[in-house]
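# Coordinate inspection notes
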Amino acid sequence: MPNAFSRAGAVVIGVGNEFRGDDAAGLIVARRLREQASTQAVVLDWEADPAGLLEAWMDANLAIVVDTVVSGAEPGTVQRFDASTVPLPARLAGSSTHALGVAEAIELARALDRLPGRTIVYGIEGSSFSAGAALDPTVERAIDETLTRVVAELGVRP
Amino acid sequence: MTPPLEPRTRSRRIRTDALARVEGEGAMNVRVRDGEVLEVQLRIYEPPRFFEALLRGRSYTEVPDITARICGICPVAYQTSGCLAIEQACGTTVDGPIRELRRLMYCGEWIESHALHLYMLHAPDFLGYESAIHMAADHRELVERALATRKAGNQLLIAIGGRAEHPINPRTGGFYRAPTRDELAPLVEPLQRALEATLDTVALTATLTMPDFERDYEFVALRDDDGRYPIDRGRIVSSGGLDIPAEAFDDHFVEEQVAHSNALHSRFRDGGSYMVGPMARYSLAFDGLSPLARDAAREAGLGPTCRNPFQSIVVRAVELLYAIEEALRLIEAYEQPDPPAVALEPRDGVGCGVSEAPRGILWHRYEIDASGAIRDARIVPPTSQNQRAIEEDLRGFVAGHLDLSDDELQWQCEQAIRNYDPCISCATHFLKLDIERA
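Residues numbered from 1 in each chain as written. Chains lettered and ligands numbered in written order. Predicted model: local features only at pLDDT ≥ 70, side-chain atom pairs only at ≥ 80, totals over all residues.

From N to C terminus, chain A includes four helices and five strands. Counted from the first residue to the last, chain A has its helices and strands arranged as β-α-β-α-β-β-α-β-α. Counting the 158 residues in chain A, one finds 53% classified as buried. Sequence separation of at least 24 residues holds for 75% of the intrachain contacts in chain A that already meet a minimum separation of 6. (Helix = DSSP H or I, 4+ residues; strand = E, 2+ residues; numbered from the N terminus. Buried ≥ 20, exposed ≤ 12 C-beta atoms within 10 Å, placed from the backbone. Contact = placed C-beta atoms within 7 Å.)

Tallying secondary structure elements over chain B gives 14 helices and 14 strands in all. Residues counted as buried form 51% of the 438 residues belonging to chain B. Long-range contacts, defined as pairs at least 24 residues apart, comprise 72% of the intrachain contacts of chain B with a sequence gap of at least 6.

The next thing to look at is the pairing of strand β1 (residues 10-15) of chain A. Every regular strand shows the same layout, with side chains that alternate between the two sheet faces. Residue and element names in this part refer to chain A. Among the six residues of β1, six are classified as buried, and the element is accordingly described as predominantly covered. Side chains Ala10, Val12 and Gly14 project from β1 onto one buried face, and the interleaved Val11, Ile13 and Val15 project onto a second face that is buried too. Where β1 lies against strand β2 (residues 42-46), five bridges are found, and the strand directions are parallel. Following the sheet pairing, Val11 is matched in β2 by Val42. (Pairing = 2+ DSSP bridges.)

As a further point, take helix α10 (residues 278-285) of chain B. Residues and elements named next belong to chain B. Burial runs high along α10: eight of the eight residues are buried. Burial in α10 covers these residues: Pro278, Met279, Ala280, Arg281, Tyr282, Ser283, Leu284 and Ala285. Buried residues in α10 make contact with β6 (220-223), β7 (235-238), α12 (312-332), β11 (349-357) and β12 (360-368).

The strands making up a sheet are joined through hydrogen bonds of the backbone, oriented either antiparallel or parallel. All names here are of chain A. A sheet is described by the order of its strands in space; here five strands give the open sequence β2-β1-β3-β5-β4, paired in mixed fashion. Pairing within the sheet leaves two strands with one partner each, and these edge strands are β2 and β4 (78-82). Across the sheet, the mean angle separating the axes of adjacent strands is 20° when strand polarity is ignored. Most of the contacts of helix α1 (residues 25-35) go to β1, to which it runs at about 140°, and overall it touches β1, β2, β3 (62-69) and β5 (118-125). This element, helix α4 (residues 137-154), spans β1, β3, β4 and β5 of the sheet and lies at about 165° to β5. (Axes fitted to C-alpha atoms, helices over the stretch in contact; angles between N-to-C directions.)

This next bit is on the nonpolar core. Val11(A), Val12(A), Ile13(A) and Val318(B) are the most contacted members of the largest nonpolar core, which has 164 residues in total. Each of domain 1 (7-46 + 389-436) and domain 2 (48-386) of chain B contributes no fewer than three residues to this core. Beyond its immediate sequence surroundings of up to four residues, Ile13(A) is in contact with Ala30(A), Leu44(A), Trp46(A), Leu53(A), Ala56(A), Trp57(A), Ala63(A) and Val65(A). (Core = buried A, V, L, I, M, F, W, Y, C linked by C-beta atoms within 7 Å. Domains from an automatic or database assignment.)

Now for helix α3 (residues 102-111) of chain A. Counting buried positions along α3(A) gives eight out of ten residues, so the element sits mostly inside the fold. Residues Val102(A), Ala103(A), Glu104(A), Ala105(A), Ile106(A), Glu107(A), Leu108(A) and Ala109(A) constitute the buried set of α3(A). Buried-residue contacts for α3(A) involve β1, α2 (53-56), β3 and β5 of chain A together with α5 (132-138) of chain B.

In this section: the environment of Leu208(B). Within the fold, Leu208(B) resides in the loop between α8 (188-206) and β6. For Leu208(B) and Thr61(B), which are 147 residues apart along the polypeptide, the C-alpha to C-alpha distance reads 46 Å.

This brings us to the sheet that holds β11(B). Residues and elements named next belong to chain B. Taken together, the three strands give an open sheet; going across it, the order is β11-β12-β13, and neighbouring strands pair in antiparallel fashion. Each edge of the sheet is formed by a strand with only one pairing partner; in this case those strands are β11 and β13 (374-380). Taking the axes of each pair of neighbouring strands and ignoring which way they run, one obtains an average angle of 15° across the sheet. Both β12 and β13 contribute to a ladder of six bridges, which runs antiparallel. Considered in β13, the bridge of Arg365 is made with Arg378. Packed on one face of the sheet, helix α3 (residues 75-89) meets β11 and β12 and runs near 150° to β11. Against the sheet, helix α13 (residues 382-400) engages β11, β12 and β13, with an angle of about 130° to β12.

On to the environment of Gly241(B). Residue and element names in this part refer to chain B. Residue placement: Gly241 occurs in the loop between β7 and β8 (243-244). A count of 7 C-beta atoms within 10 Å places Gly241 in the exposed class. As for Gly241 and Gln311, which are separated by 70 residues in sequence, their C-alpha atoms are 24 Å apart.

Residues and elements named next belong to chain A. With their axes 10 Å apart at the nearest point, α1 and α4 run at an angle of 45° to one another. What the angle tells us is that α1 and α4 run oblique. Seen from above, α1 lies across α4 with right-handed handedness. The residues of α4 that touch α1, namely those facing Ala25, Ile28, Val29, Arg32 and Leu33, are Val139, Ala142, Ile143, Thr146, Leu147 and Val150. (Parallel < 35°, antiparallel > 145°, perpendicular 65-115°, else oblique. Left-handed = near helix turned anticlockwise from the far one by under 90°.)

Residues and elements named next belong to chain B. Summing up the model confidence of chain B, the mean pLDDT is 87 and the portion of residues at 70 or higher is 87%. Low pLDDT, under 50, characterises residues 1-9; the stretch is placed with eight contacts to residues that sit more than four places away or in other chains. Overall, residues 425-438 carries pLDDT values under 50, and its contacts beyond four positions in sequence, including any with other chains, amount to 45 contacts. Across the interface, the model reports ipTM at 0.79; the global pTM reads 0.88. (pLDDT = per-residue confidence, 0-100.)

Right, let's get into the packing of helix α11 (residues 291-299) of chain B against α12(B). Helix-helix packing is characterised by the crossing angle of the two axes and by the distance between the axes. All names here are of chain B. Closest axis-to-axis distance for the α11/α12 pair is 9 Å, and the angle between their directions is 165°. Of the possible angle classes, the one that applies to α11 and α12 is roughly antiparallel. At the point where α11 passes α12, the crossing takes the right-handed sense. Two secondary-structure elements touch here, α11 through Leu292, Ala293, Ala296 and Ala297 and α12 through Val318, Leu321, Tyr322 and Glu325. When the residues that make up the contact of α11 with α12 are grouped by side-chain class, the tally is seven nonpolar, no polar and one charged. (Nonpolar A, V, L, I, M, F, W, Y, C, P; charged D, E, K, R; others polar.)

As a further point, take the confidence of the model for chain A. Do not read the predicted coordinates in detail wherever pLDDT is low. Residues and elements named next belong to chain A. Model confidence for chain A is summarised by a mean pLDDT of 84, while 87% of its residues fall at 70 or above. Mean pLDDT values over the elements of chain A span from 89, in α2, up to 95, in α4. Confidence drops under pLDDT 50 across residues 1-7; counting only partners more than four residues distant or on other chains, this segment forms eight contacts. Taken together, the stretch residues 94-98 has pLDDT below 50 and engages in 23 contacts with residues farther than four places along the chain or on a different chain.

See the structure below:
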């Protein structure tokens, strides 16, 4: 619930669809992070309409969003973007399953002064999005890598 | 330099490229030559087709959980139509406080979905912005209103459904747990604020410039058995006089393959297209609206029917107003159902269910056996039912507006598709206009 984490300094949001192959990567990163007892950040799985992200990161000063992307890179590539002051690269826009994607939610938040001071996006390059498909092995490895980098970014020890 | 040809003598091709998305794919082709629209094709890829196969062999109790996954925007519609069909197959009708709770949750989905489409996707078309993001700079209050309204609907879904996306609390026969009156009480104030704001929004939509275009649609919507505006169930009625229960759908409608689309197209068995969604509901169930919603509609210049598809933004605003008011009314009258679900006994049989998704009627049919295993499943979503109407709108609109510049025509063709709030509306700008100069 938004109010429960509105006091949080940091929020980590894993975005994706659990049943669409590599699109689950962000959710898995979030779940594994939550299992780490020392995590101070609020951790959210986000399967809903990304427009709600504007509520989810409200009042946080650091938001880390993890999502599967299709940018043309090799599957399993992890890319880090600092969206605090500039939009995500155009190649990442418009790849959402719904009306507003993560890139659009970030820009909308920026326009409304609702973007956390630091907004970091980790994009895991996916390759297979079939219903019910398993994760690509390269994406499995990318999840581990992303988790390590997110933990480092939060400044907490696993 | 060759001077540009007169609009009426040149060939134009308006084309959409395939969308690189996980869940949906849409494309469109319009070809014009010498003032004649040669071809209009809308291609939509519909995920629910996979779900029909996936449901076979599963237990009847899994219908709400599996079908909720078909759409992130309207899971309650899938759950409700699915539950109604399963309940019919089991020989049960769910009434009283459980039905009212379903309707309340459904209002939450309408509020969320309509607020998103009306403000964030459709309003920028009329106000001349590339997107809601661009619109936010000049119309900040409008975008804030969108987010606050959407959130009020969202909180309803969380309170009743257990979470905002793919609710987990609905089950065949009702709910796993019914919220207490106290749990619903905090929802009232945000809904009241949304109600006030939406009154302004209806008035605002009335000031928008509407392209001049009307068609003589055959409207298809539900008629609520209690005379209320149709949401959670009802008989299927049409402006042509059709009045049938859900189980007679197949006798009157047919789905067929068309060469240019992966999605089935629906039509009347006797051949014609039809329209489902806000304009159809409004035109067939105006009297079911609340006095407040009817007055707001009249003040916005709407009559008791509406045949200009671009005015769907006004109708959607009226429906948003109604859904908020209805949610407040249902909360006020709420009796916690006890038990929260009706016990179902599976038996060999067939059941059909239909409800009004934000985009129009959503029909399910299941065949189950005595053990409760699903033998066959069919789902007919609103967007596939509207495909023909969308194509016909585009054909008629383009033919009547060839004097528009290419940019204007492209803009208004996009708008004409978004009038329907199709499930492919994710692509805010997905049309490409190629001009072939003969």
